[in-house]
Amino acid sequence: MSNHSDRQISTQNAIQHERKEGIPNPPKGGDRFKWLGPSFLWMLSAAGSGELLFTPRIAALYGYSLLWALLAAVILKWFINGEVGRFTVCTGATILEGFKQFPGPKNWSIWLILLPQAVVAVSTVAGLSGAAATALILMTGGTVQLWTVIIIAVTAAIVLFGQYNVVEKISSYVGIARTIAVVAAAIFVFPSFRQLANGIVPQIPQNVQYQEILPWLGFMLAGAAGLMWYSYWVEARGYGAASVKGRERIDPKHLDREEKKKLQGWMDLTLISNTLAVVGALLAALSFLILGGELLRPQGLVPRENQVAETLGRLLGDIWGPFGFWFMIAIVFITFCSTVLSVEDGFGRMFADGTQILLQGFGVRGRWTNEKFLQRFYIIVLLAALPIAVYLFFGQPIGLLQTAGAIEAAHIPIVTGLTLYLNHRMLPKELRPSKIIFGGTVLAGLFFAVFAVIYLLQLLGVIGAGSSSG
């Protein structure tokens, strides 16, 4: 018995030694900028639906009256994203691995996450691919249905065969070019400060359709899924405890002062990268709002279903002529396709992780708990075959994205509440959020919950709705 206890102590000491050796010092100075990848990816993954599609659409419908909601959604998501990143930096585990530790029925929180997100995954891939196809038919002809099927199949193959990182680099350059172009165009048509100032005052336009507002707010910057994906990108990049071997064993409450100080340094880095991502996304979103308000709204143009690319092309075409129009068409196509890629990659990781947790809970072993096999399975079935079937049946990209965005927005308060509780339960006092950060995150959850409830009441006919905007 004594020998067994000695071996246990020896093993624990070895693990603790490995942790001390393994947790790296956080980067300092200019080296910090080499670690901005996760936040940059997070920002790029959101650009397709929130900023590029729904923001000009909202501006065309309601002008600047919802500018306050845009600012609130982006700023409040900064709080939520920071808390998701906090958990992975401090424990080395993904956010779903954390959720499985909640008390109560086994893995109830994993089911609560995965079931709604399955609908989001299928609808988002189908909707974004359909929107990208509206750009291709302008350039090459053919039908939207044919190009949508091809886009879904090709993007799934790219992720399946491990070529996503190559495309990711190209799309990052396109993302920079897109932001520069739309910011320059927005400056060119900049409205009066009085118009913008009026939009900062919280107000709800008359006859507003919450089926328009909720998906926009849900997708703006990142939806519930995108917020959770940040955990996977942080883990893959090796932030803080995520770089330590055997990281599932780390309990941050048992770390010594030196290790906690290192993790605090890594948290400072996530704060910087998270802030830069939010500022970049906010700049792009404001530019798209201005372009939609100044160019689309006066002409009564709203991006609709199979005319998405043609209408968005006017955002630059009305300023810079044919070159601006075709440049914007190219941006629409590349942005939507790169977002489909990031969605397939993110959902593939998240559903593989969640399925492993669920099946291991039932004692299942073998290939159905193999992460790579599960990723391939979900890419083929959930993120390729089902989106193709749904698009061919439904055929309305904006309608599909509105469905996905509404679920995302309604799911954000749930993810927020689970994450706050997890951090409070798992992290020592030194690594928990400050009272200001905690309060801001609670406010973020409540903000999206209020819009979700109002949307549901309008859907049920409890409160009035204006005529549909299409």
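Shown above is the structure to which this text applies.
My aim in this report is to walk through the structure given alongside it, one point at a time. (Residues numbered from 1 in each chain as written. Predicted model: local features only at pLDDT ≥ 70, side-chain atom pairs only at ≥ 80, totals over all residues. Heavy atoms only, no water.)

**Describing the overall build of the chain**
So, step 1. Summing up its helical and strand segments, the chain has 16 helices and zero strands in all.
So, step 2. A compact globule built from 470 residues would reach a C-alpha radius of gyration of about 23 Å, and the chain, at 23 Å, matches this within 12%.
So, step 3. In terms of its C-alpha atoms, the chain occupies a principal-axis envelope of roughly 85 × 50 × 45 Å.
So, step 4. Here the chain, with 470 residues, has 56% of them falling under the buried criterion.
So, step 5. Of the contacts made within the chain by residues no fewer than 6 positions apart, 84% connect residues no fewer than 24 positions apart.
So, step 6. Here the chain has roughly 19,700 Å² of accessible surface; of this, 63% comes from carbon and sulfur atoms.
So, step 7. Each charge sign in the chain was given a centre, from 35 positive and 26 negative side chains, and these centres are 4 Å apart. (Helix = DSSP H or I, 4+ residues; strand = E, 2+ residues; numbered from the N terminus. Rg over C-alpha atoms; globule rule 2.2 N^0.38 Å. Buried < 20%, exposed > 50% of the residue type's maximum accessible area, 1.4 Å probe, protein only. Contact = heavy atoms within 4.5 Å. Areas by Shrake-Rupley, 256 points an atom, 1.4 Å probe, with all protein chains shown as cover. Lys, Arg positive; Asp, Glu negative; His and termini not counted. Charge placed at Lys NZ, Arg CZ, Asp CG, Glu CD.)

**A word on the side chain of Asn81**
So, step 1. Of note, Asn81 is situated in helix α3 (residues 67–91).
So, step 2. At 3.1 Å, the side chain of Asn81 forms a polar contact with the side chain of Asn274. (Polar contact = N/O pair within 3.5 Å; in protein donor to acceptor, adjacent residues only side chain to side chain.)

**As for the pattern of salt bridges**
So, step 1. All chains considered together, the criterion is met by five salt bridges.
So, step 2. Where Lys260 meets Glu430, a salt bridge forms, and the shortest distance between an N and an O atom there is 3.3 Å. Residue Lys260 is located in helix α11 (residues 257–296), and its partner Glu430 is located in the loop between α15 (397–426) and α16 (435–459); the two are separated by 170 residues in the primary sequence.
So, step 3. A salt bridge links Arg314 to Asp318; the shortest N-O distance between them is 3.0 Å. Highlighted residues: Arg314 and Asp318, both in helix α13 (residues 314–361), separated by four residues, approximately one helical turn.
So, step 4. The exposure class of Arg314 is partly exposed, given its relative accessible area of 27%. (Salt bridge = Lys/Arg side-chain N within 4 Å of Asp/Glu carboxyl O.)

**Quick notes on the nonpolar core**
So, step 1. In terms of nonpolar packing, the biggest core is built from 128 residues, with Phe99, Trp216, Phe336 and Phe347 touching the most fellow members.
So, step 2. For this core, the element with the most residues is α13, which contributes 18 residues.
So, step 3. In contact with Phe99, not counting residues within four places along its chain, are Ser109, Ile110, Ile113, Met228, Val415, Leu418, Thr419 and Leu422. (Core = buried A, V, L, I, M, F, W, Y, C linked by side-chain atoms within 4.5 Å.)

**Remarks on the side chain of Asn274**
So, step 1. Looking at where Asn274 falls in the secondary structure, it is placed in helix α11.
So, step 2. A polar contact is formed between the side chain of Asn274 and the backbone oxygen of Trp78, at a distance of 3.0 Å.

**Regarding a nonpolar patch on the surface**
So, step 1. A contiguous nonpolar patch, built from Val453, Leu456, Leu457, Leu459, Leu460, Val462 and Ile463 and spanning about 630 Å² of accessible area, is present on the exposed surface.
So, step 2. Residue position: Leu457 is located in helix α16. (Patch = residues over 30% accessible without salt bridge, like charges linked within 9 Å, V, L, I, M, F, W, Y side chains within 5 Å.)

**Comments concerning unusual backbone geometry**
Only a minority of non-glycine residues have a phi that is not negative, and only a minority of peptide bonds are not trans.
So, step 1. If you check the backbone angles, Asn107 has positive phi at about 60 degrees while not being a glycine.
So, step 2. Relative to the helices and strands, Asn107 is located in the loop between α4 (95–99) and α5 (108–140).
So, step 3. The residue Leu221 is not glycine, and still its phi comes out positive at about 70 degrees.
So, step 4. Structurally, Leu221 can be placed in the loop between α9 (210–219) and α10 (224–237).

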